[in-house]
Amino acid sequence: MIEPIVRGDLVIRPWHLEDAEALSDAIEQSLDHLRPWMPWTAAEPLRIGERRALIIRWTEAQRIRGDLIFGMFAGDVVVGGCGLHHRIGPAALEIGYWVHAAHLRRGYASTGAGALTSVAFTLPEIDAVEIHHDSANKASEGVPRKLGYAMVGERLKPAETPNETGVQIVWRMHRTEWPDTA
Ligand SMILES: CC(C)(COP(=O)(O)OP(=O)(O)OC[C@H]1O[C@@H](n2cnc3c(N)ncnc32)[C@H](O)[C@@H]1OP(=O)(O)O)[C@@H](O)C(=O)NCCC(=O)NCCS
């Protein structure tokens, strides 16, 4: 059971089944802004039953120490989502994030990614956390930069969305360089 993380007006916590409608609404309201960069939007809009099934899968993944998928809330309002993904090897986690189109530039993505960096380093096996973004995604680039991640290189990844170039920028934070804990 992961406790909510509170940073100022932002609460970061795993999604609950009861969040399904609010999550669907937030995504629908943000689709034009998310489609250029988030491959999963190709399947949107999901039906409500599909959304609930997804949240059940996320809860199960958390239980078996798989990916950790969080909602970001300001009060009762869904302002975005973020996650820790096991897709870059056993000793590292990759952070992903998105923010509702009506709640941009309030520090939510960087606050959420900072909180998740701290969560990642509570896991003893994790030595590094990475953030990857398309080289054309300048808004996303500001997040690891603001948090003090180091830009460590580029990797090729076939473009999956309309705006992706196929070149991703990789940013990394090592455990020894991260000042904060969760
Ligand atoms: C990328 C995204 C998550 C940023 O969310 P956000 O909450 O607005 O970001 P923050 O407020 O934490 O911004 C952190 C820094 O990023 C930079 N930044 C954010 N948006 C920017 C923009 N539109 N243009 C230029 N720089 C931007 C700024 O340096 C900012 O710091 P500052 O506000 O102190 O100057 C949001 O734009 C989004 O959801 N984009 C679509 C989905 C996406 O691209 N996800 C990431 C995929 S890798």
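Look a little higher up for the structure.
Before going into details, it helps to say that this report is about the structure given with it. (Residues numbered from 1 in each chain as written. Predicted model: local features only at pLDDT ≥ 70, side-chain atom pairs only at ≥ 80, totals over all residues. Heavy atoms only, no water.)

1. Looking at the pattern of salt bridges
- Inspection of every chain in the model, using the stated rule, returns 12 salt bridges.
- Here R52 ties to E21 by a salt bridge, and the two come within 2.7 Å at their closest N and O atoms. One end of the pair, R52, is in helix α2 (residues 48-63); the other, E21, is in helix α1 (residues 20-34), with 31 residues separating them in the sequence.
- Assessed through its relative accessible area of 38%, E21 is described here as partly exposed.
- Among the salt bridges present, the one from E141 reaches K138, with a minimum N-O distance of 3.2 Å. One end of the pair is E141 and the other is K138, both in helix α4 (residues 138-147) and 3 residues apart, which spans about a single turn.
- Residue E141 is classed as buried on the basis of its relative accessible area of 14%. (Salt bridge = Lys/Arg side-chain N within 4 Å of Asp/Glu carboxyl O. Helix = DSSP H or I, 4+ residues; strand = E, 2+ residues; numbered from the N terminus. Buried < 20%, exposed > 50% of the residue type's maximum accessible area, 1.4 Å probe, protein only.)

2. Brief notes about empty space enclosed by the protein
- Inspection of every chain in the model, using the stated rule, returns 1 cavity of 30 Å³ or more.
- Within this model, the largest cavity holds a volume of roughly 50 Å³.
- In this structure, the largest cavity is lined by P14, W15, I55, W58, T59, Q62, L68 and I69.
- Looking at the lining of the largest cavity element by element, the count peaks at 4 residues for α2.
- When the residues that make up the lining of the largest cavity are grouped by side-chain class, the tally is 6 nonpolar, 2 polar and no charged. (1 Å grid on protein atoms, 1.4 Å probe; cavity = no way out; pocket = protein on both sides within 12 Å on 5 of 7 lines; lining within 4 Å. Points joined across faces, edges and corners; volume = space filled by probe spheres on them. Nonpolar A, V, L, I, M, F, W, Y, C, P; charged D, E, K, R; others polar.)

3. So, the environment of E125
- By the element assignment, E125 lies in the loop between α3 (108-120) and β6 (128-134).
- Separated by 122 residues in the primary sequence, E125 and E3 have C-alpha atoms spaced 20 Å apart.
- Beyond its immediate sequence surroundings of up to four residues, E125 is in contact with R65, P90 and A91. (Contact = heavy atoms within 4.5 Å.)

4. A look at the packing of aromatic side chains
- With the rule as written, the count across this model stands at 2 aromatic pairs.
- When the ring of W15 is compared with that of F73, the centres are 5.4 Å apart and the planes differ by 65°; the resulting orientation is edge-to-face. With W15 in the loop between β2 (10-14) and α1 and F73 in strand β3 (residues 68-74), this residue pair connects regions lying 58 residues apart in the sequence. The burial state of W15 is the same as that of F73; both residues are buried.
- Judged by centre distance (6.1 Å) and plane angle (65°), the ring pair of W40 and W98 falls under edge-to-face. (Phe/Tyr/Trp six-rings, centres within 6.5 Å; stacked < 30°, edge-to-face > 60°.)

5. Details of the sheet that holds strand β5 (residues 92-99)
- Spatially, β1-β2-β3-β4-β5-β6-β8-β7 is the arrangement adopted by the 8 strands of the open sheet, whose pairing is mixed. The outermost strands of the open sheet, each flanked by one partner alone, are β1 (5-7) and β7 (150-156). The mean inter-strand angle of the sheet, taken between neighbouring strand axes irrespective of direction, is 25°.
- Of the strand pairs in this sheet, β7 and strand β8 (residues 167-174) are connected by 6 bridges, and their pairing is antiparallel. Bridge pairing in β8 places L156 opposite V167.
- Packed on one face of the sheet, α1 meets β4 (77-85) and β5 and runs near 85° to β5.
- This element, α3, spans β1, β2, β3, β4, β5, β6 and β8 of the sheet and lies at about 155° to β5. (Pairing = 2+ DSSP bridges. Axes fitted to C-alpha atoms, helices over the stretch in contact; angles between N-to-C directions.)

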